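Report on the structure
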Amino acid sequence: MKRILSLGLLLVSTTAFAQSNSVVFVQSVPALDEIGVAGLIVLVGAIGGWIARRRK
Amino acid sequence: MANLQAVLLEAVRVGYPGLTLGGFLFLLIWEGGRPRVAFADRRRHVLRNVGLFVVMVVFADGVVGGALFGIRARLLDAQSGLLTALDWPLWALVVAGVLATDLASYAYHRLSHRIHALWLMHAVHHSDPHLDFTTGLRFHPLDMAAYVAAVAGILVVLGIPLWVEGVRALLLNPLSMAQHANVVWPVWVERGCRWLLVTPAMHRVHHSADAPGIDANFGQVFSFWDRAFGTYRAPAAADPPRIGVPVLAADRWQTVGGMLATPWRARSVLP
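Now for a look at the structure at hand. Residues take numbers from 1 onward in each chain, read along the sequence in its written order. Chain A is the first chain written and ligand 1 is the first ligand written, with later ones labelled in order. Under the rules for a predicted model, residues below a pLDDT of 70 receive no local features and side-chain atom pairs below 80 are neither given nor counted, while totals for whole chains, interfaces and linings still include all residues. As a rule here, side-chain values come from all non-hydrogen atoms in the structure, and water together with hydrogens is ignored.

**Side note on the overall build of chain A**
- Strands here mean DSSP runs of E at least two residues long; helices mean DSSP runs of H or I at least four residues long; both are numbered from the N terminus. The helix and strand tally for chain A stands at two helices and zero strands.
- Classification of the 56 residues of chain A by burial places 21% in the buried group.
- Per element, the accessible surface of chain A, about 4,300 Å² overall, is 74% carbon and sulfur. Three exposure classes are used, based on accessible area relative to the maximum for each residue type with a 1.4 Å probe and protein chains only: buried under 20%, partly exposed in between, and exposed over 50%. Shrake-Rupley sampling with a 1.4 Å probe provides the accessible areas, and residues are treated as covered by the protein chains on show and by no other component.

This is the structure in structure tokens:
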């Protein structure tokens, strides 16, 4: 239990540090057109799954 | 060269989340209606594996990749390594990087079955008693962290930019889910792809509970590594008689907490 708790604390603290790093060094906010194309791919995946599910 | 890099980076930025989430929904919906093997409590199974996946991404990507190694900050850096002196064009470096990281993942996977400390972590993936697409997301955070270190390490040694792994991930993430998916794939998927890619039937052999199946088919994306190193085993007409790790089949090993604790708790029960 102590190990899991330690792991959890490590995870939370270092993730916060990692996030601050990524904000400083890397452009992490996607542009609207990138969100749109990614969303289109996701939509195609969902429709494809529905078609495969109904296939005889 | 800069143009090719811009195109590939854009493909990764759009394709990585799109193909991962699109593949996720494609298989979630397909499996929900036409499962290959029906089993009880599918919803709980999916939620548990996805729960572990979230913890794994935060830990392996955020903590190890981001904070400890600073991979995100160094993604675009020009590397200096073994291939630098050859002055290869970018396309050749990308091809070499994809092949090298896939070979590194094959080697890491084989070691995971040979070295007890690594097997304790990797057994979390194998202990799934029901294969479905979420099994392809089920990895212990420490297992994934060691894998990320191995893959990033080989790129650094060769002098290949770290973002090249993102190009391989475009194929890897949907393929990993497809390899484990609980659906009946069309015949052409196996016949047409196995010469190049690790197919679902080929990977199902590796999830056998017993030798020789579990000691074969270690490849991740490309199937030729198994053929080259003598670990290829062609799938039989019937599924392996037993799937998973029998000593870890009980429900207490299948919760998110149980899976996270497996490397410590299972020391005495895993061979």
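**Details of the nonpolar core**
Residue and element names in this part refer to chain B.
- The criterion is simple. A nonpolar core is a set of buried Ala, Val, Leu, Ile, Met, Phe, Trp, Tyr and Cys residues joined through side-chain atoms within 4.5 Å. In this structure, Val 94, Ile 160, Trp 163 and Val 167 are the most contacted members of the largest nonpolar core, which totals 36 residues.
- Looking at this core, the elements that each hand over two or more residues are helix H1 (2–33), helix H2 (42–68), helix H4 (90–114), helix H5 (116–126), helix H6 (141–158) and helix H7 (164–180).
- The dominant element in this core, judged by the number of residues it contributes, is H4, at eight residues.
- Two residues form a contact once any of their heavy atoms are found within 4.5 Å. Ignoring anything within four residues of it in the chain, the contact list for Ile 160 reads Gln 79, Leu 83, Leu 93, Ala 96, Gly 97 and Leu 155.

**Considering the environment of Ala40(B)**
All names here are of chain B.
- Topologically, Ala 40 is positioned in the loop between H1 and H2.
- Taking the relative accessible area as the measure of exposure, Ala 40 reaches 65% and is therefore exposed.
- Separated by 149 residues in the primary sequence, Ala 40 and Val 189 place their C-alpha atoms 28 Å from one another.

**Digging into the packing of aromatic side chains**
Residue and element names in this part refer to chain B.
- Pairing of aromatic side chains here covers Phe, Tyr and the six-membered ring of Trp, requires ring centres within 6.5 Å, and sorts the geometry by plane angle: under 30 degrees stacked, over 60 edge-to-face, intermediate tilted. Scanning all chains against the criterion turns up eight aromatic pairs over all chains.
- Taken together, a centroid distance of 6.2 Å and an interplanar angle of 55° make the contact between Tyr 108 and Tyr 147 tilted. Taken together, the residues span a long stretch of sequence, with Tyr 108 in helix H4 and Tyr 147 in helix H6 at a distance of 39 residues. Like Tyr 108, the residue Tyr 147 is buried in the burial classification.
- Centre to centre, the rings of Phe 224 and Trp 225 are 4.9 Å apart; their planes meet at 70°, and the pair counts as edge-to-face.
- On the accessibility criterion, Trp 225 (13% relative accessible area) is buried.
- Members of the aromatic cluster, connected to one another through ring pairs, are Phe 26, Trp 30 and Trp 185.
- Two limits define a charge over a ring: the Lys NZ or Arg CZ must be within 6 Å of the ring centre, and within 35 degrees of the ring normal. Over the ring of Tyr 232 we find Arg 227, and its NZ or CZ is 4.2 Å from the ring centre.

**Topic: the packing of H2(B) against H6(B)**
Residues and elements named next belong to chain B.
- Running from N to C, H2 and H6 point in directions that differ by 40°, and their axes come no closer than 9 Å. The angle between H2 and H6 falls in the class oblique. Crossing of H2 over H6 shows right-handed handedness. Listed contacts from H6 to Leu 52, Val 55, Met 56, Phe 59, Ala 60 and Val 64 of H2 are Pro 141, Leu 142, Met 144 and Ala 145. Convention adopted: a line fitted to C-alpha atoms gives each axis, helices being fitted over their contacting stretch, and angles between N-to-C directions are expressed from 0 to 180 degrees. Here the word oblique covers every angle except those under 35 degrees (roughly parallel), over 145 (roughly antiparallel) and from 65 to 115 (roughly perpendicular). By definition, turning the near helix anticlockwise from the far helix through less than a right angle yields a left-handed crossing, and turning it clockwise yields a right-handed one.

These results come straight from atomic positions and should not be treated as a statement about function.
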